[in-house]
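Each chain, written out:
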Amino acid sequence: MAAVQVAGTVLCGPPREAPPEPPREPTPEQDNGFRRLSARLCALRPDDSSSARTEIHLLFDQLISENYSEGSGVAPEDVNALLVQACRLVPLNQNHLVSKVSQLIHHLLNRLQVIVDEQNLDFLLAYTISAIQQCSSWTHVEILQALAALVYCNGSKCQKYLPDLLGKTGLLMKLSDLAQSDPEVRRAAVHCMANLCLSVPGQPYLEEPYQNICFQAFLTTLQSPKSPDMDDITFCMLLQNALKGIQSLLNGGKMKLTQTDKLGALLAVLKKSMFHGLPGLNIEMPTVLYPTPLPQYDGRPLVKAQQSESSASRPTSNKKKKSRIKSKKIQQEEEEEKESSGAIEAAPVTGTGRVNMHEGNTCPSALGVQSLPLDGSGPAGKDRVSLPFGSSSWKRVSSSESDYSDAEGGMQSKMRSYQAKVRQGALACFLSTIKSIEKKVLYGYWSAFVPDTPELGSPQSVSLMTLTLKDPSPKTRACALQVLSAILEGSKQFLSVAEDTSDHRRAFTPFSVMIASSIRELHRCLLLALVAESSSQTLTQIIKCLANLVSNAPYNRLKLSLLTKVWNHIKPYIRHKDVNVRVSSLTLLGAIVSTHAPLPEVQLLLQQPCSSGLSNSNSATPHLSTPDWWKKAPAGPSLEEASVSSPKGSSEPCWLIRLCISTVVLPKEDSCSGSDAGSAAGSTYEPSPMRLEAFSNLPNDKQILCITVLLGLNDSKNRLVKAATSRALGVYVLFPCLRQDVIFVADTANAILMSLQDKSLNVRAKAAWSLGNLTDTLIVNMETPDPSFQEEFSGLLLLKMLRSGIEASKDKDKVKSNAVRALGNLLHFLQPSHIEKPRFAEIIEEAIQALISTVLTEAAMKVRWNACYAMGNVFKNPALPLGTAPWTSQAYNALTSVVTSCKNFKVRIRSAAALSIPGKRARYGSVDQYAQIWNALVTALQKSEDTTDFLEFKYCASLRTQICQALIHLLSLANASDLPCIRGTVELNGDMVRSYILQFLKSGAEGDDTGGPHSPQERDQMVKMALKHISSVHTLAGDTSKRAIVGFLEDTLAVYFDSSGSHVAVLELKNQ
């Protein structure tokens, strides 16, 4: 059960996650105290006397003052019953008691993490709505707090009351309006709306009209300035609630931002909120951000950008030409920038006064945050501001439990903390926005969020890098980097137009130069952030962001030295004390090596001596051992192998190869220490799965010990441990020495099913992956000659797995993708003895409906691919009544819809593969159903090149191959009633189909491996078998369909054999 998200303070604050720590064991005093007070309250009857009111007041106070905690032994149903009884005892004309009972609802649901069940929710909602309507206005804040706790994760169960709450004259609309005089009431009303929008996996989303109403209310809240009577902290909490509401709509409600004005308005308020409360910055934003046209998506050559849009992105070379007219201040800043760049290029960490990564703090330096020039976003000049970042408030502090120093005083520090949470909320909402829109739409707003080299003399502009370089909160900096990484991910096509290999002396700046300038500025800012960062978690995000940038930037079209700077800068971090920093550093090095291979700049870097870039290292180098540690190559044949791969002319093996070898061979070091130890604690407990050889060589008692420990750790209260255990079990169940052990597989299944019910999405995702692996094991065991495994495996456990798989298929995409894989395997595994039982009939129907729904849903493409794959597995089970069951037409309709219209070609390929699996004509259903499948495949063949996404073109050939295979398969099963439909295709689209079948016969296997024929001989044999089958079909006299189809196939084979020079085959065909 999910946790109630209510106030972080006594007043209702922004929604928060359930406490991550494991629940404490209940004490008898806690349990007995609640039960005693609950019994006293339940014994009371409605009484309007003064003494009764006093007693109720005292009981409420005692219940509120009890020391509750999650897992305190109080059952949710007892809490629900107590709250209903409390409301029955309090008439609505008693304002003080209504206020007190509202506090009780809010307090108990928050502290005990209880979600009210549907039956009691109906009564409590009616009570609280009536209370708002009838009670004095001073009680509204407490009542709204109670309402927010009641509707949390219950939005789908509040349909009956939505008109009263969100209608034109609804309570929440009125109380959240700008005209509301009480700022606390307004904030609490927005918080209620945010909780209403929060969806739960498997439950219906808020209806679209209400989604739009809430979205507009949240947007208006974010666009409105702070009213004079509202204090700063209340305003921050109001903004947090509005941001959380929009994020919930985008994440759970799957809200689509298709209108430009709607998306532009949201991005404008998000950009404004991203910088809320940032010291020294007061940003003014337009109401709507409009996208810049992107010529590269029109399929035309590089288009010149408008002069007005490129004024902030002139080539760097032009700056030097104007140096004579610069002021002293500008010259000085430019010199500092050149010094910084030179220092970065020469060595990442040199000299004194740099960031001391060992100590986790910073000192004033030439590369300190105070002196870093801040470069902002590109053409949009409306949000340019001056940034006085010279004050000491900008100094980075060490990463600790608090993001801020105590020097500012308690209230000031508290306000800074709330402002940082607003910025983090805006970034989280921006991340959800990025995931809900297409990349080609997102890149229209590139210049508003990604920095560009500013024109000399112009004021600085703000971007995501402003936060990365200047925000005092490490968490906010990390959030900004996550958003930037999401923007960069998959940007290769967009960035491919960048070019600055030649000087552009023109009156305007070409679009290609503008993008190249932005790429250069990203490199510069990220490298500055790298040396200034003191938090290991944020450092990891910086390096991941650099890796994304390196993977997508077209370095073959850019000037040299960008990769060299990154290379020299990252080398010290491969021996950082934090394991996550080390891993991300190796990932970045891998991205550099594989960039546009072979890139001459990278080849030169690999040929450098292993000490290059470290000769100037000193005590400021971040967490390094001796500078020449990688010179110590491991003994054995590995070194000789490394020497073979070293660059030509080098006298020693490439240092990167030595590094990789030493990382694998040398003893493992402590993975975490210092302030980040707590966050990385989960890795300490992770039972890393052993290689199969190592496990098989263990004595039997040690194998049993490993399994016992894993199964025991699955009950851990630590979610990191539980997630890692679920994954490890998913690896173990694939081991051949374990997968045929029915008892181990059953124990593992029960452990995984338990983890699938966990509150943590990470645990559920790992458990779903392991369930998919376990069901793969069932299929492998089914294909062995020995039937004992199928006979001994519990039917009751199969039912439990099917039910859990169905529920998991309604979860988030991370869980859903493997849940549908498991459902397909389970339905494939079912034996006739299972299917014949009545208790299996309903669950089989539900499982297949879950797969059909997932095939058609607007989920991630990986999810839909797995659903199509699972449907193909269902078709492989001959015991299932495919062809006669009511769900047959639904299953085929879903697959034919995907094969003709899905924008992802790999999903189309998988659906076509599923359609070619049934091995008997009867399993394709009626004549009409067969015709519908046939016509859909022909249509899909016609549309196999229709795509606006260039990334899908590489799958066109594979798609056509799979569709042709499916069509030929259908031909080989057709009966007389099916021939007229096939003849219609031959007459209308014969030439098109023949050309693609000829391509199918001539080409080799490409792309997606769907188990089809791989050689031309196998393929022409398929067509021959289809021809033989059609020739043997008995038709009525005068039916010309058969002759037309046979002639079509003979002509196709004749053309193929003639073009391939197989004259013998042509003669054989004529003789037949």
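Just so it is clear, the structure is predicted and the values come from calculations on it, not from any experiment.

A. Broad picture of the overall build of the protein. Along the protein, the regular secondary structure elements total 48 helices and 0 strands. For the protein, buried positions account for 55% of its 1072 residues. Looking at the protein alone, contacts between residues at least 24 apart form 76% of all its contacts between residues at least 6 apart. Per element, the accessible surface of the protein, about 45900 Å² overall, is 53% carbon and sulfur.

B. Highlighting the confidence of the model for the protein. Model confidence for the protein is summarised by a mean pLDDT of 77, while 74% of its residues fall at 70 or above. Helix α28 (residues 681-685) is the least confidently modelled element of the protein, averaging 34 in pLDDT, while helix α19 (residues 474-488) averages 95, the highest of any element. Within the model, the stretch residues 295-408 combines pLDDT values under 50 with 248 contacts to residues more than four positions away or in other chains.

C. Highlighting the pattern of salt bridges. Within the structure shown, the criterion is met by 19 salt bridges. The closest approach of N and O atoms between R557 and E499, which form a salt bridge, is 3.4 Å. Separated by 58 residues along the polypeptide, R557 in the loop between α22 (536-552) and α23 (562-570) and E499 in the loop between α20 (492-495) and α21 (511-532) bring together distant segments of the chain. Residue classification places R557 among the partly exposed positions, given a relative accessible area of 25%. The exposure class of E499 is partly exposed, given its relative accessible area of 27%. Among the salt bridges present, the one from R764 reaches D811, with a minimum N-O distance of 2.6 Å. Of this pair, R764 sits in helix α34 (residues 761-782) while D811 is found in the loop between α36 (795-808) and α37 (813-829), placing the two residues 47 residues apart along the sequence.

D. Representation of helix α43 (residues 927-942). For α43, built from 16 residues, the straight-helix expectation of 22 Å at 1.5 Å per residue is met to within 8% by its first-to-last C-alpha distance of 23 Å. Among all positions of α43, only Q929, Y930, A931, I933, W934, A936, L937, V938, A940 and L941 are buried. Those residues of α43 that are buried lie in contact with α41 (887-901), α42 (905-915), α44 (956-971) and α45 (979-1002).

E. Layout of the environment of E118. Tracing the chain through its elements places E118 in helix α5 (residues 118-134). For E118, a relative accessible area of 51% gives the class exposed. Residues E118 and N154, 36 residues apart in the sequence, show an inter-C-alpha distance of 8.1 Å.

F. Broad picture of the packing of aromatic side chains. Across all of its chains, the model carries 12 aromatic pairs by this definition. A ring pair is formed by Y443 and F494, whose centres lie 4.7 Å apart and whose planes are at 15°; its orientation type is stacked. Separated by 51 residues along the polypeptide, Y443 in the loop between α16 (439-442) and α17 (446-449) and F494 in helix α20 bring together distant segments of the chain. For the residue pair Y443 and F494, the accessibility class agrees, reading buried in each case.

G. Inspection of the packing of helix α39 (residues 838-856) against helix α40 (residues 861-875) at higher detail. Relative orientation of the contacting elements α39 and α40 amounts to 140°, with a least axis distance of 8 Å. Between α39 and α40, the angle is such that the two are oblique. Classified by chirality, the crossing of α40 by α39 is left-handed. Between α39, through I848, L851, I852, T854, V855 and L856, and α40, the contact on the second element is made entirely by V863, R864, A867, C868, A870, M871 and V874. Grouping the constituent residues of the contact of α39 with α40 by class yields 11 nonpolar, 1 polar and 1 charged.

H. Representation of the nonpolar core. In terms of nonpolar packing, the biggest core is built from 176 residues, with L144, L172, F218, F430, W446 and I487 touching the most fellow members. For this core, the leading source of residues is α21, giving 12 residues. With near-sequence residues (within four places) excluded, L172 lies in contact with L144, L147, L165, L166, A189, C192, M193 and L196.

I. Highlighting the environment of D182. Mapped onto the elements, D182 comes out in the loop between α8 (171-175) and α9 (183-197). Since its relative accessible area comes to 30%, D182 is described here as partly exposed. Considered as a pair, D182 and M230 are 48 residues apart in the sequence and their alpha carbons are 8.4 Å apart.

J. Molecular detail of unusual backbone geometry. Positive phi is not limited to glycine here, since Q113 has a value of about 55°. Tracing the backbone shows Q113 in the loop between α4 (95-111) and α5. A positive phi angle is found at C153, which is not glycine, with a value near 60°. Tracing the sequence through the fold places C153 in the loop between α6 (140-151) and α7 (162-166).

K. Expanded view of the packing of α44 against helix α46 (residues 1016-1032). The interhelical angle for the contact between α44 and α46, taken along N-to-C directions, is 30°, at an axis separation of 8 Å. In terms of their interaxial angle, α44 and α46 are classed as roughly parallel. Crossing of α44 over α46 shows left-handed handedness. Taking contact as the criterion, the partners of T961, Q965, I968 and L971 in α44 are, on α46, R1019, M1022, V1023, A1026, H1029 and I1030. Class assignment of the residues belonging to the contact of α44 with α46 gives a composition of 6 nonpolar, 3 polar and 1 charged.

L. Main features of the side chain of E142. Here E142 shows up in helix α6. Despite being buried, E142 has no salt bridge partner; R187 is the closest side chain of opposite charge, sitting 9.0 Å away.

M. Spatial organisation of the environment of L656. Relative to the helices and strands, L656 resides in helix α27 (residues 655-665). When the C-alpha atoms of L656 and V593 are compared, they prove to be 9.9 Å apart, with 63 residues separating the residues in sequence. With residues near it in sequence (within four places) discarded, L656 still touches W567, L589, V593 and L606.

N. Structural context of the side chain of S755. Tracing the sequence through the fold places S755 in helix α33 (residues 742-755). For S755, the side chain forms a polar contact with the side chain of S726, separated by 3.2 Å. In this structure S755 touches N714, K722, S726, V763, R764 and A767, once residues within four positions along its chain are discounted.

Procedures and definitions
Counting of residues starts from 1 at the beginning of each chain's written sequence and follows it residue by residue. Totals for whole chains, interfaces and linings use every residue, but because this is a predicted model, local features are given only for residues with pLDDT of at least 70 and side-chain atom pairs only at 80 or more, for both listing and counting. Side-chain metrics in this entry use all non-hydrogen atoms of the structure; hydrogen atoms and water are not considered. Under the scheme used here, helices are H or I runs from DSSP no shorter than 4 residues and strands are E runs no shorter than 2 residues, and both carry numbers assigned from the N terminus. Per-residue accessibility, obtained with a 1.4 Å probe over protein chains only, is compared with the maximum for each type, and a residue is labelled buried under 20%, exposed over 50%, and partly exposed between these values. Residues are treated as being in contact if the distance between any of their heavy atoms lies within 4.5 Å. Areas reported here follow the Shrake-Rupley algorithm with a probe of radius 1.4 Å; residue values treat only the protein chains shown as occluding. What pLDDT expresses is the predictor's confidence in each residue, scored from 0 to 100. Salt bridge criterion: a side-chain nitrogen from Lys or Arg within 4 Å of a carboxyl oxygen from Asp or Glu. Each helix should span, by expectation, one fewer than its residue count multiplied by 1.5 Å. The pairing test for Phe, Tyr and Trp rings, Trp by its six-membered ring, is centres within 6.5 Å, and the orientation test on the planes gives stacked under 30 degrees, edge-to-face over 60, and tilted for anything in between. To get an axis, fit a line to the C-alpha atoms, keeping to the stretch in contact for a helix; angles then go from 0 to 180 degrees between the N-to-C directions. Geometric relationships in this document are graded by angle, where less than 35 degrees denotes roughly parallel, more than 145 denotes roughly antiparallel, 65 to 115 denotes roughly perpendicular, and other angles denote oblique. It is the rotation of the near helix from the far one that decides the hand of a crossing: anticlockwise by less than a right angle makes it left-handed, clockwise makes it right-handed. Polarity classes work like this: nonpolar for Ala, Val, Leu, Ile, Met, Phe, Trp, Tyr, Cys and Pro, charged for Asp, Glu, Lys and Arg, and polar for all others, with Gly in that last group. The nonpolar core is taken to be a set of buried Ala, Val, Leu, Ile, Met, Phe, Trp, Tyr and Cys residues, with the residues joined through side-chain atoms within 4.5 Å. By the counting rule applied here, Lys and Arg register as positive and Asp and Glu as negative, while His and the ends of each chain are not counted. Here a polar contact is taken to be a pair of N or O atoms separated by no more than 3.5 Å, where protein atoms must pair a possible hydrogen donor with a possible acceptor and residues adjacent in sequence count only if both atoms sit in side chains.

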